[in-house]
Amino acid sequence: MKTPIPPGVFDILPQTDDTWRSAHLWQYVEEVIRDIARLYGYQEIRTPIFERVELFQRSVGETSDIVSKEIYVFEDKGKRMMSLRPEGTAPVMRAFIENQLVNQGPVHKLFYIGPMFRYDRPQAGRYRQHHQFGAEVIGVSSPEQDAEMIDMVYTLYSRLGIQNLTVYINSIGNQETRKNFRDALQNYLRPHFDQLSKDSQHRFEANPLRILDSKDPNDQAIVAKAPSILDCLDQASKENFERIQACLNALKIPYTIDHRLVRGLDYYNNTVFEIVAGDLGAQNSIGGGGRYDGLLKMLEGPDLPSVGFATGIERIIQTMLKQQVKVPPAYRPQLFIITLGDAAKEFGFKFLHKLRQEGIDAQMDFTGRKLGKVMQYADQIRAKFVIVIGDDELKSQEVELKVMETGETSVISLSSLSHLLNIDAKTKTFMELWPQMSTPFQDAKEAEFFFKKLCQTLDKTTTVTSKLHDSLEAMNQFLKDQG
Ligand code: HAM
């Protein structure tokens, strides 16, 4: 009997068409994430995918949905209660304390990419294993840091071509604010208690602030007139929140203040934010975060302020596909080698190795299928060029280099191949091709190939400079001289 994949999880596959589970899209998004993290000065941290369950109970909070309903818990063989991590902030704090990273300087900017586990009812955009890019800054309490964090995630989405985003921000103040607000909110909700959803009734005592971001339409109608936490902020929190808004205005990052945004994790204070993608459907929160100044101390670490966020990679890719964002194509080999006969096979095998040493991503057929079938396969994997090596080619040491997209061919000596393919891989436009003009050509065939490529790129170039004219003449002269 086949063993199916468990519900709520998925495979990421090496398919070339663009679905949200295509490995090449994940690789692309992760590359952009790493670029952005570097750009903003973050260093990578990797923590285990399981931790002691009490880490999450103490930090995310016993009454949060994540811990009370969704956490994966198991007892290990040493009778310790462990949990697959449902989020990344608490593990990063644990690692920071345990490894005494505090000794490494006053400011710590850390990022992670990895799977998180939440046992929830699976649906589009909600999985039992999802992947997050998260970032945490430890040691800075200034509002500029909160704004820089929002800027980083906003820049990431823009770099990936994602549009139609709304950044919601709010301040939930300090502990004192929340205590006062909690009383005010309960007083407001008490007369409506019977109309609240079952979930919200449960939260009424344990965590009434969470009722504010209930998804239940009935609850939403009731909380629409609830008091605003922003009216309960102390002076310092108010000024802090105003400064964050000024920073976002300065960077021209559009945002909406939502006084009902509280987020589902207990560790936050002051700033909270969430970014919603217009095209995602019900599970439309693409990223979120906030400030959590007391968490490190509460976990018996140093008393340092911290702020962070995380964004779901599944939701990023799904949004990109919904918005038909242009993504780089899947991997395609530059060259596919087909050999005919034993001598050519022997030669081709070594030649393949040599080309790879010289930086060409080449593939070769080892299946021994008929030429037509192998050609078809080369086309299917979208090889850019194909060469066929048989006895004649071995003797002449020249091959026909076929451009698969157009079918056009050029005769090239085998010794020129890696030089030409390297130039081809590096040059997409005429301007990029230009510096190569001074490279001496090994022979006329190499020059001719180059000339053809130059003419093709010229066709696509709209601005023709006078320099180009001179160069073409020089090129012609070169070919004439070569006879
Ligand atoms: P979170 O809002 O619970 O925050 O999760 C962050 C992001 O992970 C969400 O915005 C969403 O894109 C994605 N996500 C969450 N659950 C799922 C799921 N079941 N399926 C698919 N995607 C999901 C945190 O986890 C905090 N640790 C963020 C943070 C870091 N705050 C401060 N530092």
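Residues numbered from 1 in each chain as written. Predicted model: local features only at pLDDT ≥ 70, side-chain atom pairs only at ≥ 80, totals over all residues.

Asker: Could you give an account of the nonpolar core, with specific residues and numbers?
Answerer: Membership of the largest hydrophobic core comes to 68 residues, with the highest contact counts inside it found for Phe111, Ala135, Met149, Ile150 and Val153. Considering each element in turn, this core owes the most residues, eight residues, to helix H5 (residues 143-159). In contact with Ala135, not counting residues within four places along its chain, are Ala37, Tyr42, Leu110, Phe111, Met149, Met152, Gly308 and Phe309. Judged by nonpolar contacts, the second largest core, of 25 residues, contains Phe336, Ile360, Leu417 and Leu454. (Core = buried A, V, L, I, M, F, W, Y, C linked by C-beta atoms within 7 Å. Buried ≥ 20, exposed ≤ 12 C-beta atoms within 10 Å, placed from the backbone. Helix = DSSP H or I, 4+ residues; strand = E, 2+ residues; numbered from the N terminus. Contact = placed C-beta atoms within 7 Å.)

Asker: How would you sum up the site of the ligand? Please name residues and give values.
Answerer: Around the ligand sit 26 residues, and of these Glu87, His130, Gly308, Ala310 and Gly312 come closest. Put simply, the parts of the chain that give the shell around the ligand at least two residues each are strand E6 (129-138), strand E10 (285-291), strand E11 (306-312) and helix H11 (313-322). Of the residues in the shell around the ligand, the class split is six nonpolar, 13 polar and seven charged. (Near = placed C-beta within 6 Å. Nonpolar A, V, L, I, M, F, W, Y, C, P; charged D, E, K, R; others polar.)

Asker: Please set out the packing of helix H1 (residues 23-39) against H11 residue by residue, giving values where relevant.
Answerer: For any two helices packed against each other, the geometry comes down to the angle between their axes and how far apart the axes lie. Between H1 and H11, the shortest axis-to-axis distance is 11 Å and the interhelical angle comes to 110 degrees. On the basis of their axis angle, the class for H1 and H11 is roughly perpendicular. Only Ile313, Ile316 and Ile317 of H11 make contact with H1, whose side of the interface consists of Leu25, Trp26 and Val29. When the residues that make up the contact of H1 with H11 are grouped by side-chain class, the tally is six nonpolar, no polar and no charged. (Axes fitted to C-alpha atoms, helices over the stretch in contact; angles between N-to-C directions. Parallel < 35°, antiparallel > 145°, perpendicular 65-115°, else oblique.)

Asker: So what about the sheet that holds strand E4 (residues 81-84)? Which residues, and what values?
Answerer: Strands in a sheet are paired, the pairing made by backbone hydrogen bonds, and the direction either parallel or antiparallel. The strand order E2-E4-E3 describes an open sheet built from three strands, whose pairing is antiparallel. At either end of the open sheet lies a strand with only one pairing partner, and these are strand E2 (50-52) and strand E3 (72-75). If you compare each strand with its neighbour and ignore which way they point, the axes differ by 35 degrees on average. Judged from the three bridges that link them, E2 and E4 form a sheet pairing that is antiparallel. Considered in E4, the bridge of Glu51 is made with Ser83. (Pairing = 2+ DSSP bridges.)

Asker: Account for helix H12 (residues 342-357), naming residues and giving values.
Answerer: Helix length check: H12 (16 residues) gives 23 Å between terminal C-alpha atoms against 22 Å at 1.5 Å per residue, within 8%. When we look at burial in H12, the residues that qualify are Ala344, Gly348, Phe351 and Leu355. Down the axis, H12 shows its buried residues gathered within 70 degrees of arc, on one side only. H12 presents Asp342, Glu346, Lys350, His353 and Gln357 as exposed residues on the side facing more than 90 degrees away from its buried surface. In this structure, the buried residues of H12 make contact with strand E12 (335-339), strand E13 (362-364), strand E14 (385-389), helix H14 (391-396) and helix H15 (417-426). Positioned one or two residues after H12, Gly359 has a phi angle of 90 degrees, which is positive. (Expected span 1.5 Å × (residues − 1). Arc of directions from axis to C-beta.)

Read these as spatial facts, not as claims about activity.
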